[in-house]
Amino acid sequence: QVQLVESGGGSVQAAGSLRLSCAASGRTFSTYTMGWFRQAPGKEREFVAGITWSGGSTQYADSVKGRFTISRDNGKNMVYLQMNSLKVEDTAVYYCAADRGIFVIRDRGAWNYWGQGTQVTVSS
């Protein structure tokens, strides 16, 4: 069982930056693939970024590639999402997720555990 708690959301102007953090409980955190998803009002939850257990492989949605960076610290049971050059369309609730699989899968149905989410609002 893994419990996930996100933090770091807030309001920022376009072109600004935010860093989201996800604190995970559980002794087996380092074996999980971790990811970030987001859900804007009226839209489905979508994949943003994912990172394998070792941090050796990452994937990004095309809409955030080059602007967002996912990383993890297995010693601290933490996952991060550095978001730069934020756009109004990045506004959403951002969710941390954990998957027992060894690959990053973009289908939200494949992920086993979810946090409660943190709101990110980008204004023009």
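Refer to the structure above for everything that follows.
Right, let's walk through the structure included here.

Criteria and thresholds
- Residues numbered from 1 in each chain as written.
- Predicted model: local features only at pLDDT ≥ 70, side-chain atom pairs only at ≥ 80, totals over all residues.
- Heavy atoms only, no water.
- Patch = residues over 30% accessible without salt bridge, like charges linked within 9 Å, V, L, I, M, F, W, Y side chains within 5 Å.
- Areas by Shrake-Rupley, 256 points an atom, 1.4 Å probe, with all protein chains shown as cover.
- Salt bridge = Lys/Arg side-chain N within 4 Å of Asp/Glu carboxyl O.
- Helix = DSSP H or I, 4+ residues; strand = E, 2+ residues; numbered from the N terminus.
- Disulfide = S-S within 2.5 Å.
- Buried < 20%, exposed > 50% of the residue type's maximum accessible area, 1.4 Å probe, protein only.
- Polar contact = N/O pair within 3.5 Å; in protein donor to acceptor, adjacent residues only side chain to side chain.
- Contact = heavy atoms within 4.5 Å.
- Pairing = 2+ DSSP bridges.
- Axes fitted to C-alpha atoms, helices over the stretch in contact; angles between N-to-C directions.
- Phe/Tyr/Trp six-rings, centres within 6.5 Å; stacked < 30°, edge-to-face > 60°.
- Lys NZ or Arg CZ within 6 Å of the ring centre and 35° of its normal.

1. Describing a nonpolar patch on the surface
Turning to step 1, where the next piece is worked out: A contiguous nonpolar surface patch, about 320 Å² in accessible area, is contributed by Ile 102, Phe 103 and Ile 105.
Turning to step 2, where the next piece is worked out: Within the secondary structure, Ile 105 sits in the loop between β9 (92–99) and β10 (113–114).

2. A look at the state of the cysteines
Turning to step 1, where the next piece is worked out: Overall, the coordinates contain one disulfide when judged by the stated rule.
Turning to step 2, where the next piece is worked out: Two residues, Cys 22 and Cys 96, share a disulfide whose sulfurs are 2.1 Å apart. With the S-S dihedral at roughly -80 degrees, the linkage between Cys 22 and Cys 96 falls on the left-handed side. With Cys 22 in strand β3 (residues 18–24) and Cys 96 in strand β9, this residue pair connects regions lying 74 residues apart in the sequence.

3. Thoughts on the side chain of Asp 90
Turning to step 1, where the next piece is worked out: By the element assignment, Asp 90 lies in the loop between β8 (78–83) and β9.
Turning to step 2, where the next piece is worked out: Relative accessible area serves as the criterion here: at 0%, Asp 90 is assigned to the buried category.
Turning to step 3, where the next piece is worked out: At 2.7 Å, the side chain of Asp 90 and the side chain of Arg 67 are in polar contact.
Turning to step 4, where the next piece is worked out: The contacts of Asp 90, once residues within four sequence positions are left out, are Arg 38, Arg 67, Phe 68, Ser 85, Val 120 and Val 122.

4. Some points on the sheet that holds strand β1 (residues 4–7)
In any sheet, the strands associate via hydrogen bonds between backbone groups, in a parallel or an antiparallel arrangement.
Turning to step 1, where the next piece is worked out: Read from one edge to the other, the open sheet built from four strands follows the order β1-β3-β8-β7, with strand pairing classed as antiparallel. Taken across any chain shown, the strands that pair with only one partner, and hence form the sheet edges, are β1 and β7 (68–73). The average angle at which neighbouring strand axes cross in this sheet is 15 degrees, direction not considered.
Turning to step 2, where the next piece is worked out: Relative to β8, β7 runs antiparallel, the two being bridged by six bridges.

5. So, the packing of aromatic side chains
Turning to step 1, where the next piece is worked out: All told, the structure shown has four aromatic pairs when counted by the stated rule.
Turning to step 2, where the next piece is worked out: Both rings, one in Phe 37 and one in Trp 111, keep their centres 5.4 Å apart while their planes meet at 80 degrees; by these two values the pair is edge-to-face. Highlighted residues: Phe 37 in strand β4 (residues 33–39) and Trp 111 in the loop between β9 and β10, separated in sequence by 74 residues. For the pair Phe 37 and Trp 111, a shared accessibility class is recorded, and that class is buried.
Turning to step 3, where the next piece is worked out: An aromatic cluster is present here, built from Phe 37, Phe 47, Trp 111 and Trp 114 joined pairwise through their rings.
Turning to step 4, where the next piece is worked out: In this structure, Arg 45 packs its charged tip against the face of Trp 114, placed 4.8 Å from the ring centre.

6. What to know about the pattern of salt bridges
Turning to step 1, where the next piece is worked out: This structure, assessed with the given rule, holds five salt bridges.
Turning to step 2, where the next piece is worked out: For Glu 46, the salt bridge is made with Arg 38, and the minimal N-O distance between the two is 2.7 Å.
Turning to step 3, where the next piece is worked out: Salt bridges linked by common partners bring Arg 38, Glu 46, Arg 67 and Asp 90 together as one network.

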